[in-house]
Amino acid sequence: MEKNRISPTNIIMPLLAAVLALGTAFVFHACPAHDDGSFMSCHWAQQTVFGLGCVMLVISFAHLGANSPRMKMGISLALLPIEIFTALVPNIVIKLCMSNTMRCHSIMRPSVVVLSLLMLIVTCADIFLCRKKEDAKNEN
Amino acid sequence: MKTEKTENNTKITVTPQRLPLKNLIKRPARSAALLVLSAFLSFSVFGGSMVISSLQSGLDSLQARLGADIIAVPDKAARQNDLEAILIQGAKGYFYMDKTNADKIAQMEGVESVSAQYFLASVSAGCCSMPVQIIGFDPDTDFSVQPWIKKSYTKELNTDDLLAGANINAETGENLRFYGHTCKVVGKLDKTGTGLDNAVFTNSDTIKALMSSAKEKGDKVLEKNDPNTLVSSVMIKVKDGYEPDSISDEINIHMRHVTAVKTQNMISGLAQSLSGVSDMTGALMLAVWILSLIVMAIAFSMIINERKREFAVLRVIGASRSTLARMVLAESSLLGLTGGIIGVIAACALVFPFSGALEAKLGLPYLSPDAGRILLTAVLAVLAAVIAGPLTSAFSAVKISKLDTGLILREGN
């Protein structure tokens, strides 16, 4: 009987998505609200990244639960555009604050970009591994 | 030479050249642990070197940007280090003194040229902004700002035109509103690694108009003064053959409420702080390097001990003593190379994107070095990790080459 081994990418993907979603909300969040309670535009970039992180987390869990390599590959392919879009949200899709020394530029943006790119690399590695598994399955 | 059977019974040949790689792949946990150590080593070497180089580049950049030998500011600003805060840390602030001070300084013996500068900090520049430092200069007399802004913007600045520092998130053509006065961003300046990156630059006419708007809006500093009679600082260039010390002493003794700050003193103070940070980073790098070498040497020694029977079998099937030693060295070099590359990539992902946070934390001028220097440092860091591998496994390689095959194989029975 063929051993159904879980590749490390199956675990790393939901972990990174969780770090991205929760980290953006609580650790490397955007600039705080003004004294009058109003938010700067970076707050909405943070909310968008949080939402996208949650979407990636759900998809990553679906990926973890999927049995067939072909299905896993499909789910990973669906994740790719979301990851690219997430990396582009701070300052490109949604403009951040005026000075690059502010928290949204110096902490939130690099964290989101690095985590999204890491997620992108892991997803690509997963697609490669799934493809390999699928090819091996077809040969047998 | 060694042959092995694969799952579908095809024979493949394993040469001593391919064996080290196969050994590493077949033992993923062991290889991963050693990879992490090598990566950590190159990470610390590359990351530490980049921080030190960036601080040095920042200081050089500040020295080049100041341009003047002496800067004259109001007493109060000098006492509170306001000028250094604006120029180095990118703080926002403004202070003024009487314009006639600039004329008096210009007439002093030994002064080659003077140019007045005007500072103003905006309250807010739109819906989602923090205050912005505005620096005005006189295009006719300026010798400190224009030489370096010419690298990014060659045209003349018209009224209501602004040049944005590298840290200002505004694009060319964008309008910025300060004190109800709309200005247009006509260019973006290159990064200098100093507080000047957080400022916008404009000519004296525009900043005087902005100062008048601020006065109309009830600014407390400007309310009792006419903006046309004020300057914030006077940049002074000393004639060849004269000492900046004597000129600054003359200003400090003979001019009331004015303090002359020698730029060289400002630079030396910063150089001292930088040397402290660099020494600490260097010591940390060395400590990590030595610690990693010790841990790697222990790890290799333990691994070789554990693989004694494997080496004895290789000896029995014809591998020479030198082949075994070469195999151990090849394994450690491969680990060093891969770990070194991973470490440099990890350091790049941390040091460059977070340079803004690092700059803010250190409070010192910080400018990433040029691509050539980065590449050279990366190659050296990987090389350090590659050298560390064979260096730490050399003792184990010698030990394995002296292995008594018969004794090892009998030990197992």
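Procedures and definitions
- Residues numbered from 1 in each chain as written.
- Chains lettered and ligands numbered in written order.
- Predicted model: local features only at pLDDT ≥ 70, side-chain atom pairs only at ≥ 80, totals over all residues.
- Heavy atoms only, no water.
- Helix = DSSP H or I, 4+ residues; strand = E, 2+ residues; numbered from the N terminus.
- Contact = heavy atoms within 4.5 Å.
- Areas by Shrake-Rupley, 256 points an atom, 1.4 Å probe, with all protein chains shown as cover.
- Lys, Arg positive; Asp, Glu negative; His and termini not counted.
- Charge placed at Lys NZ, Arg CZ, Asp CG, Glu CD.
- Core = buried A, V, L, I, M, F, W, Y, C linked by side-chain atoms within 4.5 Å.
- Buried < 20%, exposed > 50% of the residue type's maximum accessible area, 1.4 Å probe, protein only.
- Domains from an automatic or database assignment.
- Pairing = 2+ DSSP bridges.
- Axes fitted to C-alpha atoms, helices over the stretch in contact; angles between N-to-C directions.
- Buried area = accessible area lost by both parts, 1.4 Å probe.
- Salt bridge = Lys/Arg side-chain N within 4 Å of Asp/Glu carboxyl O.
- Polar contact = N/O pair within 3.5 Å; in protein donor to acceptor, adjacent residues only side chain to side chain.
- Nonpolar A, V, L, I, M, F, W, Y, C, P; charged D, E, K, R; others polar.
- Disulfide = S-S within 2.5 Å.

Secondary structure summary: chain A contains 4 helices and 0 strands in total. Taking the principal axes of the C-alpha coordinates as reference, chain A spans close to 65 × 20 × 15 Å. The long-range share in chain A, meaning contacts at least 24 apart out of those at least 6 apart in sequence, stands at 75%. Just so you have it, chain A exposes about 7,400 Å², and 69% of that area is on carbon and sulfur atoms. Averaging the coordinates of the 11 positive side-chain charges in chain A and doing the same for the 8 negative ones gives two points 5 Å apart.

Turning our attention to the nonpolar core. Residue and element names in this part refer to chain B. Counting 60 residues, the largest nonpolar core has Phe46, Ile71, Leu83, Leu87, Leu163, Phe201 and Met266 as its most contacted members. Here the element with the most residues in this core is helix H2 (residues 28–66); it accounts for 11 residues. Among the domains, domain 1 (2–60 + 271–411) and domain 2 (66–263) are the pair contributing at least three residues each to this core. Excluding residues that lie within four positions of it along the chain, leucine 87 makes contacts with Leu62, Leu66, Ile71, Thr194, Gly195, Leu196 and Met266.

What follows deals with the sheet that holds strand S6 (residues 133–137) of chain B. Hydrogen bonding along the main chain pairs the strands of a sheet, whether they run parallel or antiparallel. All names here are of chain B. Taken in spatial order, the 9 strands line up as S8-S9-S7-S10-S6-S5-S12-S3-S13 in an open sheet, and their pairing is mixed. Only two strands of the sheet have a single neighbouring strand rather than two, namely strand S8 (175–178) and strand S13 (258–262). Across the sheet, the axes of successive neighbouring strands diverge by a mean angle of 35°, strand direction being ignored. As paired strands, strand S5 (residues 111–121) and S6 are joined by 5 bridges and run antiparallel to one another. When the bridges of S6 are listed, tyrosine 118 appears paired with glycine 136. Across the sheet, helix H8 (residues 244–254) lies against strand S3 (70–74), S5, strand S12 (233–238) and S13, angled at about 165° from S13, the strand it touches most.

A few words now on the side chain of Ser393(B). Residue and element names in this part refer to chain B. With respect to the helices, strands and loops of the structure, serine 393 is situated in helix H13 (residues 371–401). Accessibility expressed as a relative area gives 0% for serine 393, which makes it buried. Among all residues touching serine 393, those that are not within four sequence positions of it are Phe300, Val328, Leu329 and Ser332.

All names here are of chain B. Taken domain by domain, chain B consists of domain 1 (2–60 + 271–411) and domain 2 (66–263). Computed from C-alpha coordinates alone, the two centres of domain 1 and domain 2 are separated by 51 Å. Listed as interface residues are 6 residues of domain 1 and, on the opposing side, 6 residues of domain 2. Between domain 1 and domain 2 lies a buried interface of about 490 Å² when both sides are counted; carbon and sulfur atoms form 52% of it. When the buried area of domain 1 at its contact with domain 2 is split by residue, Glu359, Pro365 and Leu367 rank highest and sum to 65% of it. Seen at the junction of domain 1 and domain 2, the total is 1 salt bridge. Salt-bridge contacts for glutamate 359 lead to lysine 191; the nearest nitrogen and oxygen are separated by 3.7 Å. The interface formed by domain 1 and domain 2 includes 1 residue pair in polar contact (both at pLDDT 80 or more). In the side of domain 1 that touches domain 2, the residues fall into 3 nonpolar, 2 polar and 1 charged.

Looking now at the state of the cysteines. Residue and element names in this part refer to chain A. Taken as a whole and assessed by the stated rule, the structure comprises 0 disulfides over all chains. Considering cysteine sulfurs only, cysteine 97 is the nearest to cysteine 42, which forms no disulfide, with 3.6 Å between them. Of the residues examined, cysteine 42 reaches a relative accessible area of 0% and is grouped as buried. Unpaired in terms of disulfides, cysteine 104 finds its nearest cysteine sulfur in cysteine 31, a separation of 3.5 Å.

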